[in-house]
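Descriptive structure summary
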Amino acid sequence: AISDIVRKPNCSLEKFWMRSLSLDDDSVAHIANSLSKNEKILEFTVNTDEISITGWDHVANALCDTTTIASTYTSNHTLVDFGGWQRPTKISWYLELNKNPDKTMVA
């Protein structure tokens, strides 16, 4: 499905725009896991109405995995937009950091 497409690090897709697609927490977990390995997708826009804090935690972990220093460094620092207008402040902050072209400053 969608997570299979974005999982591939050499995926040439840069923008995924499907505002009518609603994702639940399980779907977000799969997609976030796949996005953590993707270095091409810049924008992933979907309907976020059904995502709870649990789902957003999966997205946060993909953007900035703080488990180890190496995990933080290898997190997804490419994605600059996820969801739509409604997202937690922490996610917006990570996405803003990703806009910095100096990725050493992001990690």
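Preceding block: the structure.
Residues numbered from 1 in each chain as written. Predicted model: local features only at pLDDT ≥ 70, side-chain atom pairs only at ≥ 80, totals over all residues. Heavy atoms only, no water.

1. Thoughts on the pairing of strand 1 (residues 15-22)
For the record, the criterion: Following DSSP output, two strands are said to pair if at least two bridges run between them. By definition, any uninterrupted DSSP run of H or I lasting at least four residues is a helix, any uninterrupted run of E lasting at least two residues is a strand, and each is numbered from the N terminus. Crossovers are marked right-handed if the path from the first strand over the helix to the second runs clockwise, as seen with the strands pointing away from the viewer.
Direction of pairing for strand 1 relative to strand 2 (residues 43-47): parallel, over a ladder of five bridges. Across the sheet, the residue bridging to Phe 16 is Phe 44, located in strand 2. A crossover links strand 1 with its parallel partner strand 2, the connecting element being helix 2 (residues 25-35), and its sense is right-handed.

2. Overview of the packing of helix 3 (residues 53-63) against helix 5 (residues 89-98)
Our working rule: Note on method: axes are straight lines fitted to C-alpha atoms, helices fitted across the in-contact stretch only, with angles between N-to-C directions ranging 0 to 180 degrees. Each angle gets one of four labels, with under 35 degrees taken as roughly parallel, over 145 as roughly antiparallel, 65 to 115 as roughly perpendicular, and the rest as oblique. Left-handed describes a crossing whose near helix is turned anticlockwise from the far helix by less than a right angle; the clockwise case is right-handed. By the convention used here, residues are in contact when the closest approach between their heavy atoms is within 4.5 Å. Residue polarity is assigned by list, with Asp, Glu, Lys and Arg as charged and Ala, Val, Leu, Ile, Met, Phe, Trp, Tyr, Cys and Pro as nonpolar; anything else, Gly included, falls into the polar class.
Their axes nearest at 10 Å, the elements helix 3 and helix 5 cross at an angle of 25 degrees. As judged from the angle between their axes, helix 3 and helix 5 are roughly parallel. Between helix 3 and helix 5 lies a crossing whose hand is left-handed. Mapping the contact onto sequence places Trp 56, Asp 57, Val 59, Ala 60 and Leu 63 in helix 3 and Lys 90, Ile 91, Tyr 94, Leu 95 and Asn 98 in helix 5. In terms of residue class, the contact of helix 3 with helix 5 is made up of seven nonpolar, one polar and two charged.

3. So, the pattern of salt bridges
Put simply, the rule is: Salt-bridge detection follows one rule: a side-chain nitrogen of Lys or Arg within 4 Å of a carboxyl oxygen of Asp or Glu. Note on classification: 1.4 Å probe, protein chains only; a residue is buried when its accessible area is under 20% of the maximum for its type, exposed when over 50%, partly exposed between these limits.
Under the criterion given, the structure shown has four salt bridges. The residue Lys 15 makes a salt bridge to Glu 43 at a minimum N-O spacing of 3.9 Å. Of this pair, Lys 15 sits in strand 1 while Glu 43 sits in strand 2; the two residues are 28 residues apart in sequence, bridging distant segments of the chain. As a salt-bridge pair, Lys 99 and Glu 96 come within 2.8 Å of each other at their nearest N and O atoms. For Lys 99, a relative accessible area of 46% gives the class partly exposed. By relative accessible area, which is 49% here, Glu 96 ends up partly exposed.

4. Quick word on the sheet that holds strand 1
Sheet architecture is open: three strands sit in the order 1-2-3, paired in parallel fashion. Only two strands of the sheet have a single partner each, and these edge strands are strand 1 and strand 3 (81-82).

5. Looking at the nonpolar core
The cut-off we apply is this: Here, the term nonpolar core denotes a set of buried Ala, Val, Leu, Ile, Met, Phe, Trp, Tyr and Cys residues that are joined through side-chain atoms within 4.5 Å.
Core analysis: the largest hydrophobic core is formed by 22 residues, its most contacted members being Leu 35, Phe 44, Val 59, Leu 63, Leu 79, Phe 82 and Ile 91. Those elements that provide at least two residues to this core are helix 2, strand 2, helix 3 and helix 5. Those residues in contact with Leu 35, other than ones at most four positions away along the chain, are Val 6, Ile 41, Phe 44, Asn 76, Leu 79 and Phe 82.

6. Focus on a negative patch on the surface
Keep this limit in mind: Like-charged residues are merged into a patch within 9 Å and nonpolar side chains (Val, Leu, Ile, Met, Phe, Trp, Tyr) within 5 Å, provided each residue has over 30% relative accessible area and no salt bridge. All accessible-area figures derive from a Shrake-Rupley calculation using a 1.4 Å probe, and residue coverage is judged against the displayed protein chains alone. For the charge count, each Lys or Arg is scored as positive and each Asp or Glu as negative, with His and the chain ends excluded. Lysine's charge is taken at NZ, arginine's at CZ, aspartate's at CG and glutamate's at CD.
The grouping of Asp 24, Asp 26, Asp 49 and Glu 50 at the surface amounts to a negative patch. Mapped onto the elements of the fold, Asp 49 is located in the loop between strand 2 and helix 3.

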